[in-house]
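Secondary and tertiary structure notes
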Amino acid sequence: EDQVTQSPEALRLQEGESSSLNCSYTVSGLRGLFWYRQDPGKGPEFLFTLYSAGEEKEKERLKATLTKKESFLHITAPKPEDSATYLCAVQATGGFKTIFGAGTRLFVKA
Amino acid sequence: EAGVAQSPRYKIIEKRQSVAFWCNPISGHATLYWYQQILGQGPKLLIQFQNNGVVDDSQLPKDRFSAERLKGVDSTLKIQPAKLEDSAVYLCASSLGGRDTEAFFGQGTRLTVV
């Protein structure tokens, strides 16, 4: 069964303290892995799509990487405005369903 | 570019009542999704449309939930009758389709069943 597990559930950082969020996945074949950001009371906002192992994408302080079993979202020198829930999702080949993980709640303190 | 529009933003109903949610996707997006997000969890796909047709509704509780997409554009999701465990945020999303499967989400409808 296709599955997505995110860790940690919550992460508290000081401003400027770099860290990484993990997304482990189990799918029969990967069509794409997605990262989203969700602020309280809002819908998820698309960040990145990764398609194959070894692929990396960057946007401002965020960098997403992908291996055959997991993805990391690296946050460099975070700011308080980076505080949000970060969601990972996978779409398997041979189907259309996108499966989301439970998310990592990130808190960045000034 | 206008985003995905959803209404209402909030709804409170009693159990066994009916409720309907409306979604207008981004213009030109062929794929439309309805997700259920329970507090503290990630979104769970309820139903996915490609134009007018349903491509996945495997997790839609069909005894009480129904959805339609009119003329391949707007969509409605209905719950009849509602249960306490249906309390959640209902998110609508759309995407271009094809390999560009990143989805753009609306703000959601927060449903409380009392």
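A brief look at the structure comes next. Note that this is a predicted model, so its numbers are computed, not measured. (Residues numbered from 1 in each chain as written. Chains lettered and ligands numbered in written order. Predicted model: local features only at pLDDT ≥ 70, side-chain atom pairs only at ≥ 80, totals over all residues. Heavy atoms only, no water.)

Examining the sheet that holds strand β8 (residues 75-79) of chain B
All names here are of chain B. The strand order across the open sheet formed by 4 strands is β1-β3-β8-β7, and the pairing between neighbours is antiparallel. Bordering the open sheet on either side are β1 (5-7) and β7 (65-69), each of which pairs with just one other strand. The sheet shows a mean angle of 15° between the axes of neighbouring strands, taken without regard to direction. With 3 bridges connecting them, β1 and strand β3 (residues 19-24) associate as antiparallel partners. Residue pairing for β3: Gln 6 is matched across the bridge by Cys 23. (Pairing = 2+ DSSP bridges. Helix = DSSP H or I, 4+ residues; strand = E, 2+ residues; numbered from the N terminus. Axes fitted to C-alpha atoms, helices over the stretch in contact; angles between N-to-C directions.)

Side note on the interface of chain A and chain B
Of the residues lining the interface, 18 residues belong to chain A; the matching set on chain B comes to 21 residues. Both sides of the chain A and chain B interface together cover about 1,600 Å² of buried area, and 52% of this is carbon and sulfur. The largest contributions to the chain A side of the interface with chain B come from A:Tyr51, A:Phe96 and A:Lys97, which together make up 31% of the buried area. In this assembly, chain A and chain B are joined by 0 salt bridges. Where chain A packs against chain B, one counts 2 residue pairs in polar contact (both at pLDDT 80 or more). Counting residues per element, the ones that place at least two in the side of chain A that touches chain B are β4 (30-38), β5 (45-50), β9 (84-92) and β10 (98-100) of chain A. Sorting elements by how many residues they give to the side of chain A that touches chain B places β4(A) first, with 3 residues. (Contact = heavy atoms within 4.5 Å. Buried area = accessible area lost by both parts, 1.4 Å probe. Salt bridge = Lys/Arg side-chain N within 4 Å of Asp/Glu carboxyl O. Polar contact = N/O pair within 3.5 Å; in protein donor to acceptor, adjacent residues only side chain to side chain.)

What about the side chain of B:Ser75?
Residue and element names in this part refer to chain B. Inspection of the secondary structure puts Ser 75 in strand β8. A distance of 2.9 Å separates a polar atom in the side chain of Ser 75 from a polar atom in the side chain of Trp 34. Aside from chain neighbours lying at most four places away, what touches Ser 75 is Phe 21, Trp 22, Cys 23, Leu 32, Trp 34, Phe 49, Glu 68 and Arg 69.

Quick word on the nonpolar core
One broad rule of soluble globular proteins: the nonpolar side chains tend to lie buried together. A:Leu33, A:Trp35, A:Leu73 and A:Tyr86 are the most contacted members of the largest nonpolar core, which totals 24 residues. Of all the secondary structure elements, the ones that give two or more residues to this core are β2 (10-14), β3 (19-26), β4, β5, β7 (62-66), β8 (70-75), β9 and β11 (104-109) of chain A. Sorting elements by how many residues they give to this core places β9(A) first, with 5 residues. The contacts of A:Leu73, once residues within four sequence positions are left out, are A:Ser19, A:Ser20, A:Leu21, A:Trp35, A:Phe48, A:Leu62, A:Lys63, A:Ala64 and A:Tyr86. Judged by nonpolar contacts, the second largest core, of 21 residues, contains B:Leu32, B:Leu46, B:Phe49 and B:Ala88. (Core = buried A, V, L, I, M, F, W, Y, C linked by side-chain atoms within 4.5 Å. Buried < 20%, exposed > 50% of the residue type's maximum accessible area, 1.4 Å probe, protein only.)

A few points about the state of the cysteines
What the rule picks out here adds up to 2 disulfides over all chains. Two residues share a disulfide in this structure: A:Cys23 and A:Cys88, whose sulfurs sit 2.0 Å from each other. Given an S-S torsion of about -60°, the disulfide between A:Cys23 and A:Cys88 has left-handed geometry. Of this pair, A:Cys23 sits in strand β3 while A:Cys88 sits in strand β9; the two residues are 65 residues apart in sequence, bridging distant segments of the chain. The class for A:Cys23 is buried, based on a relative accessible area of 0%. Overall, the relative accessible area of 0% leaves A:Cys88 in the buried class. Disulfide pairing places B:Cys23 opposite B:Cys92 at an S-S distance of 1.9 Å. Disulfide B:Cys23 to B:Cys92: torsion about the S-S bond roughly -70°, handedness left-handed. Remark: B:Cys92 occurs in strand β9 (residues 88-95) and B:Cys23 occurs in strand β3; sequence separation between them is 69 residues. Taking the relative accessible area as the measure of exposure, B:Cys23 reaches 0% and is therefore buried. (Disulfide = S-S within 2.5 Å.)

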